[in-house]
Amino acid sequence: MPITESEVTTKRIKPRLPRGMRDFLPGEMLKREYVFNIVRDVFHLYGFEPLQTPVLELSETLMGKYGDEAESLMYGAYHKGSKDKDKLLLRYDLTVPLARVVAQHYNDIALPFKRYHIAPVWRGEKPQRGRYREFYQCDADIVGIPDMVADAEIVSLVVTILRRLNFPQFRVKINNRKLLTAIGQYSGLENGQLSDLYRSVDKFDKVGADGVGEELYNRGIDKDVIGRMMPLLQAHQPGLENLDHLEASLGHLEVAQEGLRELRELVTYIEAAGIPSEYYEFDFTMVRGLGYYTGPIFETVIIDTDYGSISGGGRYDNLIGLFRGESLPTTGASLGIERIIDLMDELDLYPAHINNTVVDVLVTVFGDETRHEAVKLTAELREAGIKTELYMQDRNLRRQLTYANRKGIPFVVILGTDEIEQGIVTLKQFNNGDEMKIARDELADTIHARLT
RNA sequence: GUGGUUGUAGCUCAAUGGCAGAGCACCUGAUUGUGGUUCAGGCGGUUGUGGGUUCAAGUCCCAUCAGCCACCCCA
């Protein structure tokens, strides 16, 4: 059905977006892709391979994995003719789909299964700065390896990515759910209160020790219990000494032994991988909100900002079992890619060549006499691998230069009747105003040389 | 989800209940073969949306939508 002129003038639709969702215009996309490309390169460098799954999952796949609160934030989906409107959900993260995939395609994947996944997820939360209803997650996980060498790969991976993105000062905080369990046991915490412990301790950075103590008390935990665990949670000796400090109190507990052994082992591999010790530390107040972690957990913060964490992860040995009927050890990390992208701007970490444009050269056109030659020259430059835009209106040189300048295109090739007669072109470079007349067959090489 | 706050030109923001404005950006010209600087001129608005009060509403009231901040939670 064609759209009529009268509809255009009478039925104008106000262009709007759903709450918490965004368009990314080209200038912004180029920055996002810069980040995604570095992240992807490092994933490949570490031997992780891409996985893609549908944005929709069956409700049964997602329900019961995240808790009631999360489920109320999920977006449902159905097609207009459907009778069953509750069957499909937009994915809430990339981890549960991974678990589903591993269980479903178990015979088609080789263990260890190392996959990365960069894709949008949806959560119906109230939007705020750095927090959206549609946002990208960026996960890398290793399925099938119980050994700490896998966890060390994950930590090393995160550090390498952040270093390549030029983040100056960050630190991966490392803890172990087993140690938190042990601290709870040692202090006399009842079993059912462990999740209260996680939730309160997570706010250590924000409300401090007193605030956490108060909150634990409000959650119905005994003052004596709180008194016993606070000094252990706050242990802050350098490096491995921190573990010795915990062992003195918790050494008699089996779960503590295991947690300590894991972290000591983890550190030996991180060291062997050559990760400088300034990039990681033990922090027993870092717990992560998610319930499914079973072993070492990680979280990365930028030092001296209150920007929150920019990556998180850990070992979750039982999640895949929900789809498989048998546990499969898994560890991984998720990059807070939206926060990273925001921070890149704030800390001015984008290299200068991330411009508003991908175009290297604009080829000018002056009416019918030069157009065919310009099209031909454009094709030659593209053939030589130079990102070339052909000017497509008949406007004077001034306009064409203004256009190139505004878009940040670094070079303009001027091809007028004079140049065509002489078999040359005029190459103009914007950053220094250089202008030179050169032979056509030298143009591509000259541009290549000046681009680097 | 709870509480607070804001919404005026593309952007940043002015306007005691009384003519809707400025800077930047954009367009045109000075300059139809030379951008960025400069100068002159110009375009641009249902004041988020819908109701209400009033002689009169950008301004006051109600609702609604959206943004921001804090909490909850999280990336």
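Because the structure is a prediction, the values reported are computed rather than measured.

K.L.:
Let's hear about the overall build of chain A: which residues, and what values?
P.N.:
A tally of regular secondary structure across chain A gives 18 helices and 16 strands. The principal-axis extents of the C-alpha atoms in chain A amount to approximately 90 × 55 × 45 Å. A buried classification covers 49% of the 452 residues belonging to chain A. Once local pairs closer than 6 in sequence are excluded, the contacts in chain A between residues at least 24 apart make up 68%. Accessible surface computed for chain A: about 23500 Å², of which carbon and sulfur atoms make up 48%. The positive charge centre, built from 54 side chains, and the negative charge centre, built from 69, are 6 Å apart in chain A.

K.L.:
Lay out the packing of aromatic side chains in plain terms, naming residues and giving numbers.
P.N.:
Within this structure, the stated rule accounts for 10 aromatic pairs. Between Tyr66 and Tyr92 the ring centres are 4.7 Å apart and the planes differ by 55°, which places this aromatic pair in the tilted class. One end of the pair, Tyr66, is in the loop between helix 3 (59–62) and helix 4 (68–71); the other, Tyr92, is in the loop between strand 4 (88–90) and helix 5 (95–104), and 26 residues separate them in sequence. For Tyr66, a relative accessible area of 14% gives the class buried. Using a relative accessible area of 9% as the deciding quantity, one classes Tyr92 as buried. Counting every residue linked through ring pairs, the aromatic cluster contains Phe43, Phe48 and Tyr116. The ring of Tyr92 carries the charged tip of Arg123 above its face, separated from the ring centre by 4.1 Å.

K.L.:
Mind laying out unusual backbone geometry, listing which residues take part and the relevant values?
P.N.:
Put simply, Leu111 and Pro112 share a cis peptide bond, and its omega is -5°. As for its placement among the helices and strands, Pro112 is situated in the loop between helix 5 and strand 5 (113–122). Backbone geometry places Asn166, a non-glycine residue, at a positive phi of 75°. Among the structural elements, Asn166 can be located in the loop between helix 6 (148–164) and strand 7 (170–176). A relative accessible area of 46% means that Asn166 is categorised as partly exposed. Here the phi dihedral of Asp348 falls at roughly 60°; this positive angle occurs in a residue that is not glycine. One can find Asp348 in the loop between helix 14 (337–346) and strand 12 (361–363). The exposure class of Asp348 is exposed, given its relative accessible area of 64%.

K.L.:
Can you break down the protein's contact with RNA strand B residue by residue, with the values?
P.N.:
Near RNA strand B there are 45 residues, and of these Lys14, Arg131, Tyr132, Arg395 and Glu435 occur at the shortest range. Taking Arg395, its side chain carries an N or O atom lying 2.6 Å from a phosphate oxygen of RNA strand B. Broken down by secondary-structure element, the contributors of at least two residues to the surface near RNA strand B are strand 6 (134–143), helix 16 (397–407), helix 17 (417–422) and strand 15 (424–429). Sort the elements by how many residues they give to the surface near RNA strand B and helix 16 lands first, with seven residues. Of the residues assigned to the surface near RNA strand B, the class counts are eight nonpolar, 14 polar and 23 charged.

K.L.:
So what's going on with the sheet that holds strand 15? Which residues, and what values?
P.N.:
Spatially, five strands are ordered 13-12-14-15-16 in an open sheet, and the strand pairing comes out mixed. Strand pairing shows two members of the sheet lacking a second neighbour, strand 13 (388–390) and strand 16 (435–439), which therefore form its edges. On average, each strand axis in the sheet is inclined to that of its neighbour by 25°, with strand direction left out of account. Sheet topology places strand 12 next to strand 13; three bridges connect them, and they run parallel. Bridge pairing in strand 13 places Leu362 opposite Glu389.

K.L.:
So what's going on with the packing of helix 7 (residues 177–187) against helix 10 (residues 223–233)? Residues and values would help.
P.N.:
Where helix 7 contacts helix 10, the axes come no closer than 8 Å and their chain directions differ by 145°. Handedness of the helix 7/helix 10 crossing: right-handed. Mapping the contact onto sequence places Leu180, Ile183, Tyr186 and Ser187 in helix 7 and Val225, Arg228, Met229, Leu232 and Leu233 in helix 10. Considering only residue class, the contact of helix 7 with helix 10 consists of seven nonpolar, one polar and one charged.

K.L.:
Would you mind going over the pairing of strand 16 in detail, with residue names and values included?
P.N.:
Across the two faces of strand 16 the burial differs, with Met436 and Ile438 buried and Glu435, Lys437 and Ala439 not buried at all. The pairing of strand 15 with strand 16 spans five bridges and is antiparallel. Bridged to Leu427 within strand 16 is Met436. Connecting the antiparallel pair strand 15 and strand 16 is a turn made up of five residues, with Gly433 showing a positive phi of about 75°.

K.L.:
Can you tell me about the pattern of salt bridges, naming the residues and giving the values?
P.N.:
According to the stated counting rule, one finds 26 salt bridges in the structure shown. Linking Glu262 and Lys178 is a salt bridge whose minimum nitrogen-to-oxygen distance equals 2.6 Å. On the criterion of sequence distance, the pair formed by Glu262 in helix 12 (residues 254–272) and Lys178 in helix 7 is long-range, its members being 84 residues apart. Neither Glu262 nor Lys178 differs from the other in exposure class; each is buried. Residues Arg371 and Asp368 are paired through a salt bridge, measuring 2.7 Å at the closest nitrogen-oxygen approach. Of this pair, Arg371 and Asp368 are both found in helix 15 (residues 368–383), three residues apart, which corresponds to roughly one turn of the helix. A relative accessible area of 27% places Arg371 in the partly exposed class. The exposed category is assigned to Asp368, whose relative accessible area is 59%.

Rules behind the numbers
- Residues numbered from 1 in each chain as written.
- Chains lettered and ligands numbered in written order.
- Predicted model: local features only at pLDDT ≥ 70, side-chain atom pairs only at ≥ 80, totals over all residues.
- Heavy atoms only, no water.
- Helix = DSSP H or I, 4+ residues; strand = E, 2+ residues; numbered from the N terminus.
- Buried < 20%, exposed > 50% of the residue type's maximum accessible area, 1.4 Å probe, protein only.
- Contact = heavy atoms within 4.5 Å.
- Areas by Shrake-Rupley, 256 points an atom, 1.4 Å probe, with all protein chains shown as cover.
- Lys, Arg positive; Asp, Glu negative; His and termini not counted.
- Charge placed at Lys NZ, Arg CZ, Asp CG, Glu CD.
- Phe/Tyr/Trp six-rings, centres within 6.5 Å; stacked < 30°, edge-to-face > 60°.
- Lys NZ or Arg CZ within 6 Å of the ring centre and 35° of its normal.
- Near = heavy atom within 4 Å.
- Polar contact = N/O pair within 3.5 Å; in protein donor to acceptor, adjacent residues only side chain to side chain.
- Nonpolar A, V, L, I, M, F, W, Y, C, P; charged D, E, K, R; others polar.
- Pairing = 2+ DSSP bridges.
- Axes fitted to C-alpha atoms, helices over the stretch in contact; angles between N-to-C directions.
- Left-handed = near helix turned anticlockwise from the far one by under 90°.
- Salt bridge = Lys/Arg side-chain N within 4 Å of Asp/Glu carboxyl O.

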